[in-house]
Amino acid sequence: MRLYRALLHLYPSSFWAEYREELCYAFAERTRGLSGPLAWLRILWAALTDVIPNAMAAHWDVLRQDLVYAARSLRRTPGFALTAVLVVALGVGANTAVFSLADFVFVRPLPYQGADRLVKLWERTPGYDTMEPSPANYRDWKAMTTSFSEMGAYSTWEVNLVDAGEPTRIQVLGATREVLPMLGVAPSIGRIFTAQDAENVLLLSHGLWQSQFGGDPHVVGSTVRIDGVPHTVIGVMPASFQFPSRSVAAWRPLVFAEDDYTERSNNYLEVLARLRPGVSKEQAFQDLAVVSSRLERQYPKDNKDVGSTVLGLRDDLSDRARLLVLALCGAALCILFLACSNLASLFLARGAHRARELAVRAALGAGRERLVRQMVTESLGIAVVGGLVGIAAAVLGLPLLARLVPNELPIAERATLDLRVLLLAAGFMLLTGLAFGLAPALRAGSSSALDALRNGTRAGGGRTQRLRAALVVVEVAASVVLLITSGLLIRAVWRIQSMDPGFVAENVLTLRTALPVGKYDSPPKREQYFQRVLEEVSVLPGVRSAAFATGLPLAMRGRIWPVSLAGEELVRGRDNTVSLRFVTPGYFETLGIPLRRGRDIAESDTEKQPMVAVVSESFVQRHWPNQDPLGKRFNVAFSDRVVVGVVGNVLVRGLERQSEPQVYLPYQQQGENLVGYIPQDLALRTAGELDAGTLLPRIREIIKATDAEQPVSNIQTMEAIVAEDTASRVTQLRLLGALSVVALLIAGLGVHGLLTFAVSKRSQELGVRRALGAQAGEIIGLVLREGLALALTGIAIGVAVAWVAARGMSALLFGVRPEDPLTIAVATALCLATAVVGCVRPALRAARVDPLSALRAE
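Let us look at the overall build of the chain. Looking only at helices and strands, the chain features 24 helices and 23 strands. Here the chain holds 858 residues, and the buried ones make up 51% of them. Intrachain contacts of the chain at a sequence separation of at least 6 include 82% that bridge at least 24 residues.

If you want it as structure tokens, here you go:
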């Protein structure tokens, strides 16, 4: 019987208190005749089967009544219900979407076997923390280290793919035989390459297989040409395989010849390794550091000041990309905080408004538990509906966040919701519904609520009013933090976009026609191609000038080469590296790069003439400050060069990154050794507004007539290239700006709701003031001062918090100070204006209070 009495507590407390004696008596009668050695087990079973199903039915009956009553109550106040649902949807939706992105980028395991043990190894040289190692150093790392169970190397480059539909330009990864088995991903068709395979076999990505081979299931064994060399297809990788980035379309073996190990400054590899069991990244770093130190002593000329570093696959993510995603997470949390505060304020106001109703229900016999359950049911119902709306909005918004997934991560570009994120969203719903609906629910049936029945409209002000005021201060502070941080980031982007890139991007069309080395194996063949294309393109209607270059600024950020002045020994280091390009005549005119001194590259600058170079002003400032640079000599790209011209500086690495000085060499003086620097990008400047739709078909015809197997790729305007440099930041700022506007609106609604509530509760006081002679303007000023005092308090707190947050993301601000006065002033003004707008309606309502009506109502 004691067990049965304990089980009765599973019923609702009101049911248990009223019927427990009758239930105990009935159970005792029903089990009186049970006896024998197993009687206790039969009694236990009878107790469980009697109480548990009936208790669940009783709870469901109460819940059903609560849900029906809640729905009826909310239908009577549609404004409150809609506002509460929208507030929850904003908080849950924003956080679900942004944290799905953060989970995708930072947390979710990479799709490789034992991904947490995979690391990348880099050289570290003065000025470069992550420099690609050379084949010679890679071979020595592999032989001399003991911390890694496997190690492999790879490198990516672009190639022309022919004999698979239209000729196309794709990115191919060459990898040693260790790389793909280390990742533990098997092909969906065929096999991976092994040590016995030569370089002329190819693995296709799923996307390339679909686009160029039509998804042919019998593709294995077919032959295609890569830069003119036949390759046999041996397999197709799964659609989820994105190594090392989403842009790679095929994989082939990387095989080193003995000559590859002779030059230790030939840095182009990326090295992947797997840590041995029990070895940490710190231990591996120390092991690799010892090896690097030994190599520095053994090869002092090539490996001077060359260290090493060990990074996880996710650690390759740039600080800028990481900070921007974290900034979005912070903004989403601010929105959740604002939503919770506003929801709590709404529930407190509703609880105060229903104080008399709850007091009457309590006086008629409703227990406190019953009243609390009723109000919690309402708040959880609102939270669930709003949360579902928010999750649906997050699912629809995830494709818009695809641009924010950093391209350097080996994952798909579109984040998805998984069980963990959905559980997080459920947690948000419970937090907003239960935690912030519970406080007013606990007040139901309390002595203060009963006072509402005795004291009429004077109840419900004091403590509730102070709590709602504190919530409004928090809302204003959070909105100020969002406004200031978003404003600082917006100013930083404006500053970046206003940077002079060193060239004129308007009316310039670019495209890539990279020549395969096997087919164009000598400089005369390449020169003939360039000259024919330029001759025909330059006479097209509207084309003012055209030129080829190794790579375009911002689009090609590498091609770094060390230089030495005449008579000096070449020493590796950032202070003597340049960005190197081979160009055809007219390149500077086409891109609008100003010629400061001397002359341009000319057609007469052939291999039989003296080796010449055109350098940037930054190159002159570094090596010959306050001197005439024309006629000066230096060594670059295996040759001594004479400076014949000086041009303006160009931001080749990006609008917000420091660029090395630039050196431009004549395309006819390239020689046989620098095939990686063959001009590949064609740029055309038009005399008027660019009409790509008319020009492109004519250009394609010219290139096809020159070489029918030559693909055209990377078609874009220079304006698009410049815009792409800040595209991800602009997308993030648009999202941050939208969140800031939402935060500002929520804060304004909070101020408005608080003052409206205050005016309704102070109607008697305001009526007495009017009766004693107070003018309408004085009443309006009273309400405005109350609202603005809360707003100013929140602004002061928000400015202080925003300053701390801005210092934490200073790497994103690009010269904008965290305490930028203009941004703070604009954010403060917006918050004050919003607060004033929120105060106006309650103030006018207070001024219209009729003294006689207020006193008569009392």
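Continuing now.
Soluble globular proteins: nonpolar side chains tend toward being buried together. Counting residues in hydrophobic clusters, the biggest one holds 46 residues, and the most contacted among them are Ile335 and Leu489. Taken together, the elements giving at least two residues each to this core come down to helix H4 (78-107), helix H9 (319-353), helix H14 (462-497), helix H20 (727-761), helix H22 (776-808) and helix H23 (821-847). Per-element accounting of this core gives the leading share, 14 residues, to H14. What Leu489 contacts, discounting residues up to four positions off in sequence, is Arg729, Leu733, Leu736, Met809, Leu812 and Leu813.

With that settled, the discussion passes to the confidence of the model for the chain. Residues with a pLDDT of 70 or more make up 82% of the chain, whose mean pLDDT is 81. Confidence drops under pLDDT 50 across residues 456-460; counting only partners more than four residues distant or on other chains, this segment forms ten contacts.

Across six bridges, the pairing between strand S3 (residues 148-162) and strand S10 (residues 270-275) is antiparallel. Bridged to Met151 within S10 is Ala273. One ladder, built from eight bridges, connects S3 with strand S4 (residues 168-175); its direction is antiparallel. Counterpart to Glu158 in the pairing with S4 is Gln171.

With that settled, consider a nonpolar patch on the surface. Nonpolar side chains collect at one region of the surface, where Leu10, Ile52 and Met56 lie side by side and expose about 280 Å² of accessible area between them. Within the fold, Met56 resides in helix H3 (residues 39-76).

Evaluation of the coordinates by the stated rule reveals 20 salt bridges. Where Glu617 meets Arg596, a salt bridge forms, and the shortest distance between an N and an O atom there is 3.4 Å. Placement of the pair is Glu617 in helix H17 (residues 617-623) and Arg596 in strand S17 (residues 595-598), with a sequence separation of 21 residues. Judged by its relative accessible area of 32%, Glu617 is partly exposed. Notably, a salt bridge pairs Glu660 with Arg653, separated by 2.8 Å at the nearest N-O pair. No difference in accessibility class separates Glu660 from Arg653, as the two residues are buried. Here the salt bridges share partners, and the residues they tie into one network are Asp163, Arg225, Lys519, Asp707 and Glu709.

Quick look at the packing of H22 against H23 now. The packing of two helices is summarised by the inter-axis angle and the distance between the axes. At a closest axis distance of 8 Å, the pairing of H22 and H23 adopts a crossing angle of 150°. If you check the angle between H22 and H23, you find them roughly antiparallel. Our pair here, H22 against H23, has a crossing hand that is right-handed. Here Ala776, Ile779, Ile780, Val783, Leu784, Gly787, Leu788, Ala791, Leu792, Ile795 and Val799 of H22 lie close against H23, whose contacting residues are Ile824, Thr828, Cys831, Leu832, Ala835, Val836, Cys839, Pro842, Ala843, Leu844, Ala846 and Ala847. Here the contact of H22 with H23 is built from residues that sort into 21 nonpolar, two polar and no charged.

Under the counting rule described, the total for this entry stands at 21 aromatic pairs. Note on Phe530 and Phe548: the rings are 4.9 Å apart at their centroids and 45° apart in plane angle, and the pair reads as tilted. With Phe530 in helix H15 (residues 523-538) and Phe548 in strand S13 (residues 543-549), this pair connects stretches of sequence that are 18 residues apart. Taking the relative accessible area as the measure of exposure, Phe530 reaches 1% and is therefore buried. Using a relative accessible area of 0% as the deciding quantity, one classes Phe548 as buried. A ring pair is formed by Phe619 and Phe634, whose centres lie 4.9 Å apart and whose planes are at 50°; its orientation type is tilted. Remark: Phe634 occurs in strand S19 (residues 633-636) and Phe619 occurs in helix H17; sequence separation between them is 15 residues. Relative accessible area serves as the criterion here: at 0%, Phe619 is assigned to the buried category. Grouped by ring-pair contacts, the aromatic residues Tyr112, Tyr154, Phe241, Phe243 and Trp251 constitute a single cluster.

Right, let's talk about the pairing of strand S20 (residues 639-647) for a bit. Across the nine residues of S20, eight count as buried, placing the element largely inside the fold. Direction of pairing for S17 relative to S20: antiparallel, over a ladder of three bridges. Looking across to S20, one finds that Leu595 is bridged to Val647. Two elements, strand S18 (residues 612-616) and S20, share five bridges in a ladder whose sense is parallel. Bridging from a neighbouring strand, Ser616 pairs with Val647 of S20. Here four bridges tie S19 to S20, and the two strands are oriented antiparallel to one another. Opposite Val636, over in S20, you have Ser639 as the bridge partner. In sequence, S19 turns back onto S20 through a hairpin of two residues, with Ala637 there showing a positive phi of about 55°.

Negative phi characterises most residues that are not glycine, and trans characterises most peptide bonds. Residue Pro244 is bonded to the preceding Phe243 through a cis peptide linkage, with omega at -10°. Residue placement: Pro244 occurs in the loop between strand S8 (229-236) and strand S9 (248-253). A positive phi angle, close to 60°, is found at Asn507, a residue other than glycine. With respect to the helices and strands, Asn507 occurs in the loop between H14 and strand S12 (508-512). According to the relative accessible area criterion, Asn507 is partly exposed, its value standing at 24%. Positive phi values are uncommon outside glycine, yet Ala637 reaches one of about 55°. Looking at where Ala637 falls in the secondary structure, it is placed in the loop between S19 and S20. Judged by its relative accessible area of 3%, Ala637 falls in the buried class.

For the rest of this paragraph, the subject is H22. Given 3.6 residues per helical turn, the α-helix brings residues three or four places apart onto the same face. The end-to-end C-alpha distance of H22 is 48 Å, a good match for the 48 Å that 33 residues give at a rise of 1.5 Å each. Looking only at H22, the buried set comprises Ile779, Gly781, Leu782, Val783, Gly787, Leu790, Ala791, Gly794, Ile795, Gly798, Ala802 and Ala806.

Right, let's talk about the environment of Gln669 for a bit. As for its position among the elements, Gln669 is in the loop between strand S21 (662-666) and strand S22 (681-686). Look at Gln669 and you get buried, because its relative accessible area is 2%. Remark: the alpha-carbon pair of Gln669 and Ser639, spanning 30 residues in sequence, is separated by 9.8 Å.

Within the secondary structure, Arg653 sits in the loop between S20 and S21. Note on Arg653: relative accessible area 11%, which makes it buried. Among the polar contacts listed, one links the side chain of Arg653 to the side chain of Glu660, at a separation of 2.8 Å. Contacts of Arg653, omitting those with residues within four sequence positions, involve Tyr128, Leu554, Arg557, Ile560, Gln658, Ser659 and Glu660.

Right, let's get into the environment of Leu784. Summarising the element assignment, Leu784 is placed in helix H22. With sequence-adjacent residues up to four places away left out, Leu784 is seen in contact with Cys839 and Ala843.

Further remarks concern the packing of H15 against helix H18 (residues 692-706). Across the interface, H15 lies against H18 with an axial gap of 10 Å and an inter-helix angle of 150°. Classified by the interaxial angle, the pair formed by H15 and H18 is roughly antiparallel. Crossing of H15 against H18: the hand is right-handed. Residues Tyr529, Arg532, Val533, Glu536 and Val537 of H15 lie in contact with H18, whose contacting residues are Ile702, Ile703, Ala705 and Thr706.

The rules behind each value
- Residues numbered from 1 in each chain as written.
- Predicted model: local features only at pLDDT ≥ 70, side-chain atom pairs only at ≥ 80, totals over all residues.
- Heavy atoms only, no water.
- Helix = DSSP H or I, 4+ residues; strand = E, 2+ residues; numbered from the N terminus.
- Buried < 20%, exposed > 50% of the residue type's maximum accessible area, 1.4 Å probe, protein only.
- Contact = heavy atoms within 4.5 Å.
- Core = buried A, V, L, I, M, F, W, Y, C linked by side-chain atoms within 4.5 Å.
- pLDDT = per-residue confidence, 0-100.
- Pairing = 2+ DSSP bridges.
- Patch = residues over 30% accessible without salt bridge, like charges linked within 9 Å, V, L, I, M, F, W, Y side chains within 5 Å.
- Areas by Shrake-Rupley, 256 points an atom, 1.4 Å probe, with all protein chains shown as cover.
- Salt bridge = Lys/Arg side-chain N within 4 Å of Asp/Glu carboxyl O.
- Axes fitted to C-alpha atoms, helices over the stretch in contact; angles between N-to-C directions.
- Parallel < 35°, antiparallel > 145°, perpendicular 65-115°, else oblique.
- Left-handed = near helix turned anticlockwise from the far one by under 90°.
- Nonpolar A, V, L, I, M, F, W, Y, C, P; charged D, E, K, R; others polar.
- Phe/Tyr/Trp six-rings, centres within 6.5 Å; stacked < 30°, edge-to-face > 60°.
- Expected span 1.5 Å × (residues − 1).
- Polar contact = N/O pair within 3.5 Å; in protein donor to acceptor, adjacent residues only side chain to side chain.

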